[in-house]
Amino acid sequence: QLQLVESGGGLAQAGGSLRLSCAASGGTFSRYTMGWFRQAPGKEREFVAWSGGWTYYADSVKGRFTISRDNGRNTVYLQMNSLKPEDTAVYYCAASATTGMVVTNWNRYDYWGQGTQVTVSS
């Protein structure tokens, strides 16, 4: 059973940067593809970024956010630059046992972190 713990959220100004981390334990991290999702108040959870053998991004964050992973540290990161107020949300990392394809649907993920709040002020 994989446990995921996010950190690094907080308050940033528009145009600023934050880096989220997601530390995994209790399983073989390298076997999973990893995703980041976010959910703003009153909105559905939405896909942000995915890392498997390559990376994939939602159009809304492409060119601003970067997902990376360190299998030695069992950690996946989300570097967020040029932040906008509309990036404000709770951000979740998730692990999927589905490999070999990009996974953007939240219900294809098997394990989730507890979420970390990101607030971007204008």
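Right above here is the structure, for reference.
Each value, and the rule that gives it
- Residues numbered from 1 in each chain as written.
- Predicted model: local features only at pLDDT ≥ 70, side-chain atom pairs only at ≥ 80, totals over all residues.
- Heavy atoms only, no water.
- Helix = DSSP H or I, 4+ residues; strand = E, 2+ residues; numbered from the N terminus.
- Buried < 20%, exposed > 50% of the residue type's maximum accessible area, 1.4 Å probe, protein only.
- Core = buried A, V, L, I, M, F, W, Y, C linked by side-chain atoms within 4.5 Å.
- Contact = heavy atoms within 4.5 Å.
- Pairing = 2+ DSSP bridges.
- Axes fitted to C-alpha atoms, helices over the stretch in contact; angles between N-to-C directions.

(A) Representation of unusual backbone geometry within the structure. The backbone of asparagine 74 shows a phi angle near 55 degrees, a positive value even though the residue is not glycine. Within the fold, asparagine 74 resides in the loop between β7 (65-70) and β8 (75-80). Judged by relative accessible area, asparagine 74 falls into the partly exposed class, the value being 27%. At serine 82, a position not held by glycine, the phi torsion is positive, near 50 degrees. Residue classification places serine 82 among the partly exposed positions, given a relative accessible area of 40%.

(B) Local environment of the nonpolar core. Counting residues in each nonpolar core, the largest one holds 36 residues, and the members touching the most others are Leu4, Trp36, Leu78, Met80 and Tyr91. At the level of secondary structure, the elements contributing two or more residues to this core comprise β3 (18-25), β4 (33-39), β5 (46-51), β7, β8, β9 (89-96) and β11 (116-121). With five residues, β9 is the largest single contributor of residues to this core. Not counting the four nearest positions on each side in its chain, leucine 78 is found in contact with Leu18, Arg19, Leu20, Trp36, Val48, Ala49, Phe65, Thr66, Ile67 and Tyr91.

(C) Representation of the sheet that holds strand β1 (residues 3-7) in the model. Read across the open sheet, the four strands follow the order β1-β3-β8-β7; overall the sheet is antiparallel. Bordering the open sheet on either side are β1 and β7, each of which pairs with just one other strand. Mean inter-strand twist for the sheet, computed between neighbouring axes without regard to direction, equals 15 degrees. As paired strands, β7 and β8 are joined by six bridges and run antiparallel to one another. By the bridge assignment for β8, arginine 69 is matched with valine 76.

(D) Just the environment of valine 61, in detail. Here valine 61 lies in the loop between β6 (55-57) and β7. A C-alpha to C-alpha distance of 13 Å links valine 61 and leucine 18, two positions 43 residues apart in sequence. Once you skip the residues sitting within four places of it in the chain, valine 61 turns out to touch Arg38 and Val48.

Purely geometric stuff here, so don't read any function into it on its own.
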